[in-house]
Amino acid sequence: MMADIHEIQQQIIDEFKALSDWTERYKHIIKQGQNLGSLDEEHKVEENLVRGCQSQVWLHTELEDGKVIFEADSDAAITKGLVALMVRFYSGQTPEDIINTDPTFIKKIGMEQHLSPTRSNGLASMVKQMKIYAMAYKTKMQKGKAKA
Amino acid sequence: MAEAATKSKVDVDFNRIREQFPVLSQQVKGQSLVYLDNAASSQMPSRVADRIDAYHRNEHANVHRGIHTLSQKATDEYELTREKVQQFINAEHKDEIIYTTGTTDSINLVANSFGNRFIEEGDEILLSEIEHHANIVPWQMIAKRKGANIRVIPVDDNGDIIWDEYVDLLNDNTAIVAVGHVSNALGTVHPVKKMITEAHSRDIPVLLDGAQAVPHAPVDVQDLDVDFYAFSAHKMCGPTGFGILYGKKKYLDEMPPYRGGGDMIDKVSFEETTYNVTPHKFEAGTPPIVAGIGFGETISFLNEIGMENIAQYEQELLEYGTEQLQRIDGIRIIGTAKEKASVLSFVHEDIHATDIGTILDQQGIAIRTGHHCAQPTMRRFNVPATARASLSFYNNKEDINRLTEGIRKAISMFE
């Protein structure tokens, strides 16, 4: 059973609280990215590229038992680490929870500069893209129910 | 004495000059700022900021049409900049200096106005492989409208243009050669004088994008014999939103206006409008008056230091920076042309440029990462992006030491 989205948010905040300075925090982010593994080459395609990124970010998604599964990758290590945190946060959650929950942990772990919509690393674009997928799945599920 | 050995050969106290830039004495992320993003935009000395402030507080009025004293004074000050620019780049006539909003605007003006008048179907526009997008896209737009073609001068692995290919590309259909004087992404100084002589031997005019050249060394448009020269105030310690197009009078007089509006007209009726003379026919509407006056002050400031001194000092810094960067394992400098301006573009064999930029920012060090608005350049060197440290005369060796320490720290974090 996947943990509750709010619990995950708290876990991430607690994890970073234990780290003493920016070097440790960034090292932890880099490690998250290293642990993410790489996305299958078949999913590293143009249509999965998230726009607005200086580094490349690919986002692949599927719906399984009413939960949205996200897989992602990046060619830059810090971006990949941030992407890994987003996947950990949102993947396996219901469309409803994804739409209604913002990644407030980003600010609490001192990474808010990366979420600025004007920043060209595109973490904000990625979050937006994840929510768009969730909305699309929600609509699809409602239509499915209406038919049944 | 160790200190004497590392002292600059230039007889100007650049550390005193640095003190005139208050922005540089701030703390970023708890450390003193190291600003190495000068090719994107440079900082402004206090006296230019003060001049702008004084204008806003005490001198503002619209220019060129006022009967009243304030307007005439503002006009005099604004037009004084034209004379200062004329002298600064040694143009023959004051009327050859056109005010624009920046290099991009200057190039768009030439592409549209010169293009409308002189570029025809089947003509060729010759660019280099390492141009900034501002010196590519305006030409593509006019080429599309006119049915002309873009041709590209290749560069070698150092970032120098391949001379024989350039000469071969010049032909009877070449309408104009448009190249950067200095590449923003690599720092290459093109052999522009030689290129211009070669183009002129076939009666082909040349435009130079001087955005990265004018801030770093003396430029003499008559000595170069260049036909059009574009640059921006904000890359040479001046205000944003202001730039210059130098053009030879023989072309400017033949070129139609590019934008319509106030100030650029002679007589207007609903049937027909006749236009003002050069340069005013290219300057429609109320101009960026304060930026123009601020830029005049900037030129006085630069003249007092001396562009020769700036060039020599920055070359010393570039040499030092190149040496220091080359000592770091895994770092490769992109752009090793014979002659370079103070740009250090580099990649690490394993670490993405944006990662290096992010970790440097954490240490209060400002550089640029990405494609530098020169995507074809990145493709030529087969890199997705580079990290770029670009130097100004207010930087010093300590800044470069902070940069290299910062890079070493970044590398240690990704191991």
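Only a predicted model underlies this, so the values are computations on that prediction, with no experimental measurement involved. (Residues numbered from 1 in each chain as written. Chains lettered and ligands numbered in written order. Predicted model: local features only at pLDDT ≥ 70, side-chain atom pairs only at ≥ 80, totals over all residues. Heavy atoms only, no water.)

The subject of this paragraph is the packing of helix H3 (residues 77–90) of chain A against helix H13 (residues 353–362) of chain B. For the pair H3 of chain A and H13 of chain B, the least separation of the axes is 7 Å and the interaxial angle reads 85°. Comparing the axis directions of H3 of chain A and H13 of chain B gives the class roughly perpendicular. Residues Ala77, Ile78 and Thr79 of chain A of H3 of chain A form the contact with H13 of chain B, whose own contacting residues are Thr354, Asp355, Thr358 and Ile359 of chain B. Grouping the amino acids of the contact of H3 of chain A with H13 of chain B by side-chain chemistry returns 3 nonpolar, 3 polar and 1 charged. (Axes fitted to C-alpha atoms, helices over the stretch in contact; angles between N-to-C directions. Helix = DSSP H or I, 4+ residues; strand = E, 2+ residues; numbered from the N terminus. Parallel < 35°, antiparallel > 145°, perpendicular 65-115°, else oblique. Contact = heavy atoms within 4.5 Å. Nonpolar A, V, L, I, M, F, W, Y, C, P; charged D, E, K, R; others polar.)

Let's shift gears to the packing of aromatic side chains. All names here are of chain B. Evaluation of the coordinates by the stated rule reveals 20 aromatic pairs over all chains. Consider the rings of Tyr229 and Phe231, whose centres lie 6.1 Å apart with planes at 65°: the pair is edge-to-face. Each member of the pair, Tyr229 together with Phe231, is buried. By the ring-pair criterion, three or more aromatic residues cluster together here, those being Phe14, Phe21, Phe301, Tyr313, Phe393 and Tyr394. Geometry around Tyr99 places Arg82 over its ring, the cationic atom sitting 4.0 Å from the centre. (Phe/Tyr/Trp six-rings, centres within 6.5 Å; stacked < 30°, edge-to-face > 60°. Buried < 20%, exposed > 50% of the residue type's maximum accessible area, 1.4 Å probe, protein only. Lys NZ or Arg CZ within 6 Å of the ring centre and 35° of its normal.)

With that out of the way, let us pick up the nonpolar core. Ranked by internal contacts, the top residues of the largest apolar core, which has 139 residues, are Met126 of chain A together with Tyr229 and Phe393 of chain B. Top element by residues in this core is helix H11 (residues 289–305) of chain B. It accounts for 9 residues. Two domains each provide a minimum of three residues to this core, namely domain 1 (2–41 + 306–413) and domain 2 (49–304) of chain B. Apart from residues no more than four positions distant in its own chain, Phe393 of chain B is found in contact with Phe14, Ile17, Phe21, Cys237, Phe301, Leu302, Ile305, Ile310, Tyr313 and Glu314 of chain B. (Core = buried A, V, L, I, M, F, W, Y, C linked by side-chain atoms within 4.5 Å. Domains from an automatic or database assignment.)

The UniProt record annotates "domain: Aminotransferase class V" (unreviewed entry) at residues 34–403 of chain B. Secondary structure across residues 34–403 of chain B comprises 39% helix and 17% strand; the distance between its end C-alpha atoms is 8 Å. (UniProt positions renumbered as here; feature names shortened; annotations may be inferred.)

In this section: the packing of helix H1 (residues 5–17) of chain A against H3 of chain A. In the contact formed by H1 of chain A and H3 of chain A, the axes pass within 8 Å of each other and the chain directions differ by 145°. Seen from H1 of chain A, the contacting residues are Ile5, Ile8, Gln9, Gln11, Ile12, Glu15 and Phe16 of chain A; seen from H3 of chain A, they are Leu85, Arg88, Phe89 and Tyr90 of chain A.

Time to look at the sheet that holds strand S16 (residues 368–370) of chain B. All names here are of chain B. What the 4 strands build is an open sheet, ordered S13-S14-S17-S16; its pairing is antiparallel. On the outer flanks of this sheet lie strand S13 (331–333) and S16, each paired with one strand and no other. In this sheet, adjacent strand axes meet at a mean angle of 30° when their direction is disregarded. Across 4 bridges, strand S14 (residues 343–348) lies against strand S17 (residues 386–390) in antiparallel orientation. Along S17, the bridge assignment pairs Leu344 with Ala389. Each of S13 and S14 is contacted by helix H12 (residues 307–326), which is oriented at about 10° to S14, the strand it contacts most. Of the strands in this sheet, S14, S16 and S17 are in contact with H13, which crosses S16 at around 155°. (Pairing = 2+ DSSP bridges.)

With that settled, consider empty space enclosed by the protein. All names here are of chain B. One pass over the full model with this rule turns up 2 cavities of 30 Å³ or more. The computed volume of the largest cavity comes to approximately 50 Å³. Looking at the largest cavity, the residues that line it are Asn38, Ser42, Pro215, His216, Lys235, Met236, Cys237, Glu314, Ser392 and Phe393. Each of domain 1 (2–41 + 306–413) and domain 2 (49–304) accounts for three or more of the residues forming the lining of the largest cavity. Here the second largest cavity defines a volume of roughly 40 Å³. (1 Å grid on protein atoms, 1.4 Å probe; cavity = no way out; pocket = protein on both sides within 12 Å on 5 of 7 lines; lining within 4 Å. Points joined across faces, edges and corners; volume = space filled by probe spheres on them.)

Another aspect to go through is unusual backbone geometry. Residue and element names in this part refer to chain B. Omega for the bond connecting Thr278 with Pro279 falls within 30 degrees of zero, at 0°, which places this linkage in the cis form. One non-glycine residue, Asn90, lies in the positive phi region at around 55°. Relative to the helices and strands, Asn90 is located in the loop between helix H4 (69–88) and strand S4 (97–100). With relative accessibility at 34%, the residue Asn90 sits in the partly exposed group. Phi angles above zero are rare outside glycine, and Asp225 is one such case at about 60°. Tracing the sequence through the fold places Asp225 in the loop between helix H9 (221–224) and strand S9 (228–232).

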